[in-house]
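Letter by letter, the chains look like this.
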Amino acid sequence: MESVGPRTSWTFVTNHARILAMILHDPEVRLRDLAASCGLTERAAGAIVGDLESAGYLTRVRRGRRNHYEVTPGTLFRHPAEGNHEITNLLHLLVGLAPRAGATGPSPKDPDDRERDSRA
């Protein structure tokens, strides 16, 4: 039997969850920014926003030239295994995991990196 390498194309968090968390964090975020953060096209990001809106997870209101989004409070996970839990707890966790402004690279530094830096 041949050895099969690890599958690396999946993630724990879906693009739907990422986009909803980003909208919770910034209700006036642009589709362009949602797409760039998730590595999607604007069309794909727009389709996800449409999915979330039609499923009742968010509302979209046009304000001037921008959209203003609002995550619907009290919405539950879709899968029956988690169906009695609100999604906001997960969304707040994801928002808290977002990289801080100005952060560049991993933190804290690897001890080996600190040792190399002190020799430089």
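Anything mentioned here points back to the structure above.
Residues numbered from 1 in each chain as written. Predicted model: local features only at pLDDT ≥ 70, side-chain atom pairs only at ≥ 80, totals over all residues. Heavy atoms only, no water.

Trainee: How would you explain the nonpolar core if you had to name every residue and give the values?
Mentor: Ranked by internal contacts, the top residues of the largest apolar core, which has 20 residues, are Ile19, Leu20, Ile23, Leu34, Val49, Leu52 and Leu58. The set of elements that each furnish at least two residues to this core consists of helix H1 (15-25), helix H2 (31-38), helix H3 (42-54), strand E2 (66-71) and helix H4 (88-97). By residue number, the principal contributor to this core is H1, which donates 5 residues. Ignoring anything within four residues of it in the chain, the contact list for Ile19 reads Leu34, Cys38, Leu40, Ala45, Ile48, Val49 and Leu52. (Core = buried A, V, L, I, M, F, W, Y, C linked by side-chain atoms within 4.5 Å. Buried < 20%, exposed > 50% of the residue type's maximum accessible area, 1.4 Å probe, protein only. Helix = DSSP H or I, 4+ residues; strand = E, 2+ residues; numbered from the N terminus. Contact = heavy atoms within 4.5 Å.)

Trainee: Could you give an account of the pattern of salt bridges, with specific residues and numbers?
Mentor: Following the criterion strictly, the structure yields 4 salt bridges and no others. Between Arg32 and Glu42 there is a salt bridge whose closest N-O contact spans 3.7 Å. Here the residue Arg32 occupies a position in helix H2, and Glu42 occupies one in helix H3, the gap between them amounting to 10 residues. One salt bridge in this structure joins Arg60 and Glu53, with 2.6 Å as the shortest N-O distance. Residue Arg60 is classed as partly exposed on the basis of its relative accessible area, which comes to 32%. (Salt bridge = Lys/Arg side-chain N within 4 Å of Asp/Glu carboxyl O.)

Trainee: Provide a residue-level description of the packing of aromatic side chains, including the pertinent values.
Mentor: Taken as a whole, this structure holds 1 aromatic pair when the rule is applied. Pairing Trp10 with Phe12 gives two aromatic rings, centres 4.9 Å apart and planes at 80°, and the pair type is edge-to-face. Judged by its relative accessible area of 47%, Trp10 falls in the partly exposed class. A relative accessible area of 75% places Phe12 in the exposed class. (Phe/Tyr/Trp six-rings, centres within 6.5 Å; stacked < 30°, edge-to-face > 60°.)

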